Structure formats: C-alpha cells, structure tokens
Amino acid sequence: DAGVIQSPRHEVTEMGQEVTLRCKPISGHDYLFWYRQTMMRGLELLIYFNNNVPIDDSGMPEDRFSAKMPNASFSTLKIQPSEPRDSAVYFCASSLDSYNSPLHFGNGTRLTVT
Amino acid sequence: AQRVTQPEKLLSVFKGAPVELKCNYSYSGSPELFWYVQYSRQRLQLLLRHISRESIKGFTADLNKGETSFHLKKPFAQEEDSAMYYCALRAQKLVFGQGTRLTINP
C-alpha cells in the first residue's frame with residue numbers, strides 16, 4: 001500500500017488565486033482528516049470526514065476554505081481566494097475507525113501564497 | 001472541549017542524557033492519548049499510544065489521570081531521536097499539541 005497520497009507536494013501561488021489540494025486515503029479507511037501545520041500554531045485540525053460525510057468543520061478558518069469528499073478514495077481542500085497567511089503545510093490523514101486506530105499521514109502539501 | 005498542551009516548543013539535550021517531553025491534556029471523558037513523531041523529511045507517524053503500554057525506540061509514556069499528563073520519556077537519548085514530537089488526544093477527532101522540537105547534541 002502506498003499510504004495516503006497527497007498532491008501536489010509543493011504549491012506556489014499568488015494572492016487571490018484559487019488553490020486545490022488533493023488527497024487519496026488508504027483504501028478501507030473510514031475516516032479522513034485535513035490538518036494545517038505552521039510554526040506558530042503547530043498542527044491544527046481543519047475538518048474531518050466519516051464515510052465521506054463531513055463530521056466536524058469547526059477548525060476551518062473561514063469561508064474561503066472548503067473541503068469535499070465525493071467518494072471514499074478522494075478528497076479536496078480548496079482555498080478561494082488564497083491569502084499569504086494561508087501559507088503552511090497541509091496534511092491529509094486517514095484512519096480505520098474513530099477511536100483506537102492511529103492516523104496515517106500523507107507527505108503534506110507545502111503551500112506558499114505570495 | 002479537547003485540548004492538548006506541550007509547554008516546550010524546543011528541547012535540547014546531550015546524547016546519553018535522559019529526555020522528558022511534557023504533555024498535559026484537558027478532556028472530560030476517558031482520553032485516548034498518542035505520541036506522534038516527525039523525523040526530518042519524513043511523514044508524521046505514530047510513535048506510541050497509551051493503551052498499548054509499550055516501549056518504542058526506548059520511549060515510554062504513562063498516562064497520569066490525576067495530573068492529566070502523558071509525558072514522553074527516554075532514559076538515554078540518541079542522536080537519531082532528534083525530531084518533532086506531537087502529543088495528541090483522540091475522542092472522535094484527533095487533536096494535537098503544538099509540538100516540541102527535540103534536538104540531541106553529540
């Protein structure tokens with residue numbers, strides 16, 4: 001198994017542009033999480049899905065952020081319009097169940113907004 | 001509400017010295033606690049979890065419900081332990097602390 005796959009690995013864009021980050025979870029995992037990592041705030045949970053349904057999006061910073069999971073093997077995190085303060089590493093992770101199973105992380109997408 | 005606090009952003013110790021990375025949590029139910037580690041140029045991965053009561057790479061962590069702590073310890077640090085360490089608490093969602101960057105000096 002290739003693990004959780006994220007694309008792109010790096011994204012550089014100008015302020016105001018739309019950014020779409022992609023994630024393919026491990027097959028059979030029911031939970032998918034999006035995290036943002038910054039030096040100042042560490043790892044913040046943005047949103048998570050169970051069986052493709054968003055369960056908790058309280059960590060999404062504002063309306064500029066949206067996430068979808070159209071099927072069990074694909075999720076997107078979109079930022080529109082992007083701002084320099086969105087620059088961070090965005091991680092996707094999946095897990096088998098809700099409690100005892102560890103999360104398996106992707107390599108992350110490093111986003112730079114200029 | 002779930003909350004995890006790692007009071008030290010940076011921790012530096014010498015090789016062979018004991019290491020303790022502090023973690024305190026806030027949660028009204030029975031917590032499920034983890035330590036995750038991110039080595040340079042590698043993805044974030046699970047180090048250990050409290051239900052397993054195991055030692056991984058010489059690290060152990062004991063859940064202290066009275067002090068609401070889950071500190072990570074290793075008696076003799078090695079250079080390859082240098083990494084970013086995150087304490088995490090899971091009820092439904094997994095919430096992380098801010099992380100501690102551990103540097104082991106030769």
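Here the structure is shown first, and the text comes after it.
Description of the structure in this document. Fair warning: this is a prediction, and the values are worked out from it, not measured in the lab. (Residues numbered from 1 in each chain as written. Chains lettered and ligands numbered in written order. Predicted model: local features only at pLDDT ≥ 70, side-chain atom pairs only at ≥ 80, totals over all residues. Heavy atoms only, no water.)

Residues and elements named next belong to chain B. One open sheet accounts for 3 strands, arranged β3-β8-β7; its pairing is antiparallel. Lying at the two open borders of the sheet, with one neighbouring strand each, are β3 (19–21) and β7 (60–61). Sheet analysis places β7 next to strand β8 (residues 72–74), joined by 2 bridges and oriented antiparallel. Looking at the pairing, alanine 61 lines up with leucine 72 of β8. (Pairing = 2+ DSSP bridges. Helix = DSSP H or I, 4+ residues; strand = E, 2+ residues; numbered from the N terminus.)

What follows is about the environment of aspartate 30 of chain A. Residues and elements named next belong to chain A. Assignment of secondary structure puts aspartate 30 in the loop between β3 (19–24) and β4 (31–38). Note on aspartate 30: relative accessible area 34%, which makes it partly exposed. Along the primary structure aspartate 30 and valine 53 are separated by 23 residues, whereas in three dimensions their C-alpha atoms are 9.9 Å apart. Not counting residues within four places of it along the chain, the set of residues in contact with aspartate 30 comprises Phe49, Asn50, Asn51, Ser95 and Leu96. (Buried < 20%, exposed > 50% of the residue type's maximum accessible area, 1.4 Å probe, protein only. Contact = heavy atoms within 4.5 Å.)

The next thing to look at is unusual backbone geometry. For the bond running from serine 7 of chain A to proline 8 of chain A, omega is -10°, close enough to zero to count as cis. Considering the arrangement of structural elements, one finds proline 8 of chain A in the loop between β1 (5–7) and β2 (10–13). For the bond from glutamine 80 of chain A to proline 81 of chain A, the omega torsion is -5°, close enough to zero to count as cis. Note that proline 81 of chain A resides in the loop between β8 (74–79) and β9 (88–95). Unlike most non-glycine residues, asparagine 51 of chain A shows phi in positive territory, near 50°. For asparagine 51 of chain A, the location among the structural elements is in the loop between β5 (42–50) and β6 (53–56). Positive phi, normally seen in glycine, also occurs at threonine 68 of chain B, with a value near 45°. Inspection of the secondary structure assignment puts threonine 68 of chain B in the loop between β7 and β8. Here threonine 68 of chain B falls in the partly exposed class, since its relative accessible area comes to 29%.

Under the counting rule described, the total for this entry stands at 13 aromatic pairs over all chains. The interplanar angle of 85° and the centroid separation of 6.2 Å between the aromatic rings of phenylalanine 91 of chain A and phenylalanine 105 of chain A together place this pair among those described as edge-to-face. Taken together, the residues phenylalanine 91 of chain A in strand β9 and phenylalanine 105 of chain A in strand β10 (residues 104–105) connect sequence positions 14 residues apart. When its relative accessible area of 2% is taken as the criterion, phenylalanine 105 of chain A is described as buried. Consider the rings of phenylalanine 59 of chain B and tyrosine 85 of chain B, whose centres lie 5.6 Å apart with planes at 50°: the pair is tilted. Residue phenylalanine 59 of chain B is located in the loop between β6 (45–49) and β7, and its partner tyrosine 85 of chain B is located in strand β9 (residues 83–90); the two are separated by 26 residues in the primary sequence. There is no split in this pair, since phenylalanine 59 of chain B and tyrosine 85 of chain B are both buried. Each residue in the set Tyr31, Phe33, Tyr35, Tyr48, Phe91 and Phe105 of chain A together with Phe34, Tyr36, Tyr86 and Phe96 of chain B is aromatic and connected to the rest through ring pairs, giving one cluster. (Phe/Tyr/Trp six-rings, centres within 6.5 Å; stacked < 30°, edge-to-face > 60°.)

The next thing to look at is the interface of chain B and chain A. The interface of chain B with chain A comprises 21 residues on the first partner and 28 residues on the second. A combined buried area of about 2,000 Å² lies between chain B and chain A, and 44% of that area is made up of carbon and sulfur atoms. Taken as a group, Arg43, Arg90 and Lys93 of chain B account for 32% of the area that chain B buries against chain A, more than any other trio of residues on that side. Across the chain B-chain A interface, the total number found is 0 salt bridges. (Buried area = accessible area lost by both parts, 1.4 Å probe. Salt bridge = Lys/Arg side-chain N within 4 Å of Asp/Glu carboxyl O.)

All right, on to the pattern of salt bridges then. Residues and elements named next belong to chain A. One pass over the full model with this rule turns up 11 salt bridges over all chains. Ionic pairing is found between glutamate 83 and arginine 85, a salt bridge with its closest N-O pair at 2.6 Å. The class for glutamate 83 is partly exposed, based on a relative accessible area of 23%. A residue is classified by how much of its surface remains accessible, and arginine 85, at 54% relative accessible area, is exposed. Taken together, the shared-partner salt bridges connect Glu62, Arg64, Glu83, Arg85 and Asp86 into one network.

As far as function goes, none of this settles anything; it's purely spatial.
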